[in-house]
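# Coordinate analysis (summary)
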Amino acid sequence: MASKATVSPNVDLAKARQHTRRERWQSFRRVMTQNKAAMAGAIIIAAYFLIMLVAPVLAPYDPFEISLEDKLTPPSADHWMGTDDKGRDILSRILYGSRLSIGVGVASVAFGAFFGIILGLIAGYYGKWVDTIVSRLLDVMLAFPGILLALAIISALGPGLVNVTIAVGVFSIPLFARIVRGSTMEVKQLEYIDAIRTLGANDFTIIVKHIFPNVLSPIIVQGSMRLATAILSAAGLSFLGLGAQPPSPEWGAMLANGRDFLFSAPYMAIFPGMMISVLVLGFNLFGDGLRDALDPKLKK
Amino acid sequence: MSVMEKEPILEVNHLKQYFPLKKESLFSPKQTVKAVDDISFKLYPGETLSIVGESGCGKSTTGRSILRLDEPTEGEVLFNGASMTSLSKKELREMRGDIQVIFQDPYASLNPRQTIRKMLQEAMTIQNVMPKKQMEARMLELMSLVGLRPEYLERYPHEFSGGQRQRIGIARALCVNPKVIICDEAVSALDVSIQAQIINLLKRMQRDLDLTFLFISHDLSVVRHISDRVIVMYLGSIVEIADKDSLFDRPSHPYTRALLSAIPSTDEQQKKTRIILKGDVPSPINPPTGCRFHTRCPFATDLCKTDVPELRALTPTHKVACHYAETLLSSPPV
C-alpha cells in the first residue's frame, strides 16, 4: 500500500465514539419523553419496581402475622387498606406481594423470550424444512387457548409459583418465536448479511452478531406488552388456586381470597385487583410508547 | 492481447443456477427458473470484465453463484486453478477473503447497528489478516484510501450519504486484501456525479492494489468506461463476449446491437437508429428452444428455432453465440 504508515487522525476518536452513543440515546429519550402516555406508563412501572425493592421498609406490619381479633377491619388509620379474614394487614401483603407478581411476570417473559428468540432465529435463518418443523410446532402451541395450555402444564407439573412461571412462559414462546422468525427472514436477505457471509463469517456469528441486534426492537416492544399479559395470567392462575399457595401474598391469590367477602369486605378484593390493573395499564402504555420509539416502520 | 496469455485467476465452467418454484399442486410438474443456464468464462488477473444485460438476465445471479451465496445447481468455479465449488463450507470460509463483493444498495449493505470501526474490525478478525494491534493503523489507512475522514470510523451507517456508504462498502471489501472484487451494480444506485467518483476510486484501487474486477452492470456507458472485456448476457446465457473496443465497434449478436443502440447519444450528426425489439423477454421458466433470442430477433430463421448456437470465436478475442454472426457483420450496422 502506497500511503504513509503513520496516518494519525487529528481528532480524538474516543470522543467521537462517545458522542455517537450519546446522540442515539438522546434521540431515543426525546421520542419517549414527548409521548405523555408512555411517560405515564414508565412512571407507573418505576413506582411498582420501587415498591418491590423497598417493600420491607414500607410495610407497616408482618404480612403473614395472623391476628384474629383484627379480622376484616375496613380501611383505617391503623390499616390503610384494611385487614383480611385472618386479620393480616392488606397493605403489607400487597407490598410484599409485588415481589411475587412482578417476579413471576418478568421470569415467565424472560423464559418465553429466551426460547422464543432461539426458535425464531433458527427457523427464520435456516428456512426450508427447519422452518417447517418449528413453525408447525408453534402453530400447535398457538392453537391451544393460552390459559388452557397453562392449566395443562400445571396439572402435569403440580401447582406452585415456579410451575406457573413455566406455564405462562411456555405460552409466550410462540409469540416471540413468530415475531423473531418474521424479522429474521426479512433481515436475512439484506445485503449486509451477504457481505458478512462473503467475508467468511459462520452461521453463529451471523445470527448472533448481525441478525439478532437487528430484530431486537420488536422483541423489546413485544416483551413489555407481554409482561402485562403474563402478570395477568399468573394472577389468574393463582386466582384459580393453581399458582401461589396460601398464605403467600400473591395478588391473584389475594383476589381469590377476597371473592368470598365481596359484599361484606370489598376492600379485600379491590386493592389487589387495582394493583394488577394499574400495573398492566402501565406496561401497555409503556409498550406502545416503546413501539413508536423503536420501530421506525410503524412511525407515522 | 497479452492479457489472454496469462493464467485465469477465476474460471467459470458450465455454471448453472436453477431456482425451484413452489409447486401449484402436488401433481403439477416440478418447475425451475433457469436464472443462469450453462455459462463459462475466464477472468484474468488485473482486468475488468463486465457483465451486461437487462434486468432478469442472470448477471447478478452469476455473481452470487460464484461467491456461493446461492449454491450453484451445476458447474464449477475455479479460483487460481483450485475448485471453489467443491470446498466444504469451512474451507470456503477460509478462502472467502480472496473474493469480495461490493453491493448495489448502499443502504442495505451496511449493518445499521455497527459502527464503521466494528464493521472493519470484524471483517479483519474473521479473515485473520493481521494482529489486533495493527488494525487501528490499517483502518485509518483504509479510510484515507477510500476518501473518508478518520473520525467517521465511530459513526453508524445512517449518518452517511449513499456515496459515502459505498466508499465504506469498498473499504470493507478491501480490508481483507482480496484479489478479485465482484461489483454487483456497485454504482447503479448512485447519482451520476457520485458514480463518477466511485468509478474513479475503483479504478485507482485496481491500479494501486492490483485488483481484478468482475463488474456487473446494466449501464452501458459505465461499462464502456471501466471495462477491458465485456460479456453480454440474455436470459441466463452468454450471447457475446469480447474486448471492449471490439464489442462496442463491431457488435456481432443482434441482441448486442439492439442493446448498444439504446445508449443515448449527444451527437446530433451521429444519431443512430434505435433498434426496438419486439415483445418481452421470454420467461426463464420455459426459455425458447434453439437460440433463446429467436423470439425477438429480426433475423431469426428456422435454424435458430431448433439449434442452440454455440459460443464461437470470430476473432481470438471476440466470441459470439449466433448462427449468422458473419453475415450480420458484413451487413451495414444499423
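Residues numbered from 1 in each chain as written. Chains lettered and ligands numbered in written order. Predicted model: local features only at pLDDT ≥ 70, side-chain atom pairs only at ≥ 80, totals over all residues.

## Concerning the domain arrangement of chain B
A common way to report how large an interface is uses the accessible area buried once the components associate. All names here are of chain B. What the domain assignment lists for chain B is domain 1 (2–234) and domain 2 (252–334). Between domain 1 and domain 2, the residue contacts involve 12 residues of the former and 13 residues of the latter. Elements represented by at least two residues in the side of domain 1 that touches domain 2 include exactly strand 2 (32–43), helix 8 (220–226) and strand 9 (229–234). With 3 residues, strand 2 is the largest single contributor of residues to the side of domain 1 that touches domain 2. The residue inventory of the side of domain 1 that touches domain 2, partitioned by class, reads 7 nonpolar, 3 polar and 2 charged. (Domains from an automatic or database assignment. Contact = placed C-beta atoms within 7 Å. Helix = DSSP H or I, 4+ residues; strand = E, 2+ residues; numbered from the N terminus. Nonpolar A, V, L, I, M, F, W, Y, C, P; charged D, E, K, R; others polar.)

## Quick look at the pairing of strand 4 (residues 74–79) of chain B
Residues and elements named next belong to chain B. In the sheet, strand 1 (residues 10–20) pairs with strand 4 via 5 bridges, with the strands oriented antiparallel. Bridge pairing in strand 4 places leucine 10 opposite phenylalanine 79. Bridging between strand 4 and strand 5 (residues 82–83) involves 2 bridges; their strand directions are antiparallel. Along strand 5, the bridge assignment pairs phenylalanine 79 with alanine 82. Taken together, strand 4 and the strand that follows it, strand 5, pair antiparallel across an intervening segment of 2 residues, in which asparagine 80 is found at a positive phi of about 50°. (Pairing = 2+ DSSP bridges.)

## Considerations on the interface of chain B and chain A
Counting residues at the interface gives 33 residues for chain B and 24 residues for chain A. Sorting the residues of the side of chain B that touches chain A by element identifies helix 3 (89–95), strand 6 (99–102), helix 4 (116–127) and helix 5 (132–145) of chain B as the ones contributing at least two each. Considering every element that reaches the side of chain B that touches chain A, the biggest residue donor is helix 5 of chain B, with 4 residues. Among the residues making up the side of chain B that touches chain A, the classes are represented as 15 nonpolar, 7 polar and 11 charged.

## Some points on the packing of helix 10 (residues 216–239) of chain A against helix 12 (residues 267–294) of chain A
When two helices pack together, their arrangement is captured by the angle between the axes and the distance separating the axes. Residues and elements named next belong to chain A. Put simply, helix 10 and helix 12 touch, their axes get as near as 8 Å, and they point 170° apart. Between helix 10 and helix 12, the angle falls in the class roughly antiparallel. Contact residues: helix 10 offers Ser217, Ile220, Val221, Ser224, Met225, Leu227, Ala228, Ile231, Leu232 and Ala235, while helix 12 offers Ile276, Leu279, Val280, Phe283, Asn284, Phe286, Gly287, Leu290, Arg291 and Leu294. (Axes fitted to C-alpha atoms, helices over the stretch in contact; angles between N-to-C directions. Parallel < 35°, antiparallel > 145°, perpendicular 65-115°, else oblique.)

## Describing helix 8 (residues 191–198) of chain A
In terms of burial, helix 8 of chain A is a largely internal element, 8 of the 8 residues being buried. Among the residues making up helix 8 of chain A, those that are buried are Glu191, Tyr192, Ile193, Asp194, Ala195, Ile196, Arg197 and Thr198 of chain A. Elements that come into contact with the buried residues of helix 8 of chain A comprise helix 7 (173–188) and helix 9 (203–211) of chain A together with strand 6 and helix 6 (162–174) of chain B. Glycine 200 of chain A sits one or two positions beyond helix 8 of chain A and adopts a positive phi of about 100°. (Buried ≥ 20, exposed ≤ 12 C-beta atoms within 10 Å, placed from the backbone.)

## Structural notes on the confidence of the model for chain A
With 91% of its residues at a pLDDT of 70 or more, chain A shows a mean pLDDT of 84. Segment residues 1–6 of chain A is flagged for pLDDT under 50; beyond a separation of four residues in sequence, or across chains, it makes 5 contacts in the model. (pLDDT = per-residue confidence, 0-100.)

## What to know about the environment of alanine 235 of chain A
Residue and element names in this part refer to chain A. Among the structural elements, alanine 235 can be located in helix 10. Using a count of 31 C-beta atoms within 10 Å as the deciding quantity, one classes alanine 235 as buried. Distance from alanine 235 to glycine 105, taken between C-alpha atoms, is 9.2 Å for residues 130 residues apart in sequence. Setting aside residues no more than four positions away along its own chain, alanine 235 makes contact with Ser101, Trp251, Gly252, Leu255 and Ile276.

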